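Residue-level structure breakdown
For reference, the chains in residue letters:
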Amino acid sequence: AMFMSGVHSFSVTALNRLWGTDLALASVILSSFLTASSLGILLGGLIADRTHRYAALTVAVFGAAAALTLIAGLVPLPWIIVAALFVAIGLLQGSARTSRDMLVRRVTPPGATGRVFAFVMTGLNVGAAITPVLFGLLLDLGEPRWVFVLLASFLIIAAGVVLLAQAAITAREATIRREKLPAE
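Attention in this report is confined to the structure presented alongside it. Computed from a prediction, not measured in an experiment: that's the story for all the values here.

Overview of helix H6 (residues 144–180)
For H6, with 37 residues, the first-to-last C-alpha span of 55 Å sits near the 54 Å given by 1.5 Å per residue. Listed as buried for H6 are Pro144, Val147, Phe148, Val149, Leu151, Ala152, Phe154, Leu155, Ala159, Val162, Ile169 and Ala174.

Quick look at the structure:
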């Protein structure tokens, strides 16, 4: 949520202040990102139907999106390349959403789906509420480059959370397997 909120609300201004990208053009780049993100969600649904390696997929996608986000914010590039990067980032992060949700389902104990998804959704909303303060401060301090660094950092942190969730799933599955073994 912090990544999406940051891109959605601050990428236009950050691109303008960092690279001098015209505001109208930066808005088109953002719209391209958002469209690609929606297409990525559809693509992610198709991928999720063909794999059960949700954690590996999500971590790889978040890592790639983080790398591209850093390139967009640290390397001076022609606007068309920046636009292509934003489209790729949108596709990548969008494609991870379904796998992320499948992981949440897998880590959820039986009978706790409502509580777990309520907790996750609350976390997403809290993250979206905090983000404007962080990014606004960076822009007020004249540091638009750090907007992209922070965006990439959020993706890396999210990848770490996915790895923790996968570790919890693996531990729970091992416990269940041990409990099903006959007593010696």
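Having seen it, we continue.
Here we look at the pattern of salt bridges
Taken as a whole, this structure holds two salt bridges when the rule is applied. In this structure, Asp101 and Arg100 form a salt bridge, with 3.1 Å as the shortest nitrogen-oxygen distance. Residue classification places Arg100 among the partly exposed residues on the basis of a relative accessible area of 27%. Residues Glu173 and Arg106 are paired through a salt bridge, measuring 2.9 Å at the closest nitrogen-oxygen approach. Taken together, the positions of Glu173 in helix H6 and Arg106 in helix H4 (residues 79–107) put the pair 67 residues apart, joining distant regions of the chain.

Some remarks on a nonpolar patch on the surface
Together, Leu39, Leu42, Leu43, Leu46 and Leu91 give the surface a local cluster of nonpolar side chains, amounting to about 460 Å² of exposed area. On the basis of relative accessibility, which here comes to 58%, the residue Leu42 falls in the exposed class.

Re the packing of helix H1 (residues 2–19) against helix H3 (residues 54–74)
Orientation of H1 relative to H3, taken along the N-to-C sense of each, is 25°, at an axis distance of 11 Å. Accordingly, the angle class assigned to the pair H1 and H3 is roughly parallel. Between H1 and H3, the contacting residues are Phe3, Leu18 and Trp19 on the first element and Thr69, Ala72, Gly73 and Leu74 on the second. Of the residues assigned to the contact of H1 with H3, the class counts are five nonpolar, two polar and no charged.

Rules used in this analysis
- Residues numbered from 1 in each chain as written.
- Predicted model: local features only at pLDDT ≥ 70, side-chain atom pairs only at ≥ 80, totals over all residues.
- Heavy atoms only, no water.
- Helix = DSSP H or I, 4+ residues; strand = E, 2+ residues; numbered from the N terminus.
- Expected span 1.5 Å × (residues − 1).
- Buried < 20%, exposed > 50% of the residue type's maximum accessible area, 1.4 Å probe, protein only.
- Salt bridge = Lys/Arg side-chain N within 4 Å of Asp/Glu carboxyl O.
- Patch = residues over 30% accessible without salt bridge, like charges linked within 9 Å, V, L, I, M, F, W, Y side chains within 5 Å.
- Areas by Shrake-Rupley, 256 points an atom, 1.4 Å probe, with all protein chains shown as cover.
- Axes fitted to C-alpha atoms, helices over the stretch in contact; angles between N-to-C directions.
- Parallel < 35°, antiparallel > 145°, perpendicular 65-115°, else oblique.
- Contact = heavy atoms within 4.5 Å.
- Nonpolar A, V, L, I, M, F, W, Y, C, P; charged D, E, K, R; others polar.

By themselves, these figures tell us nothing about what the structure is for.
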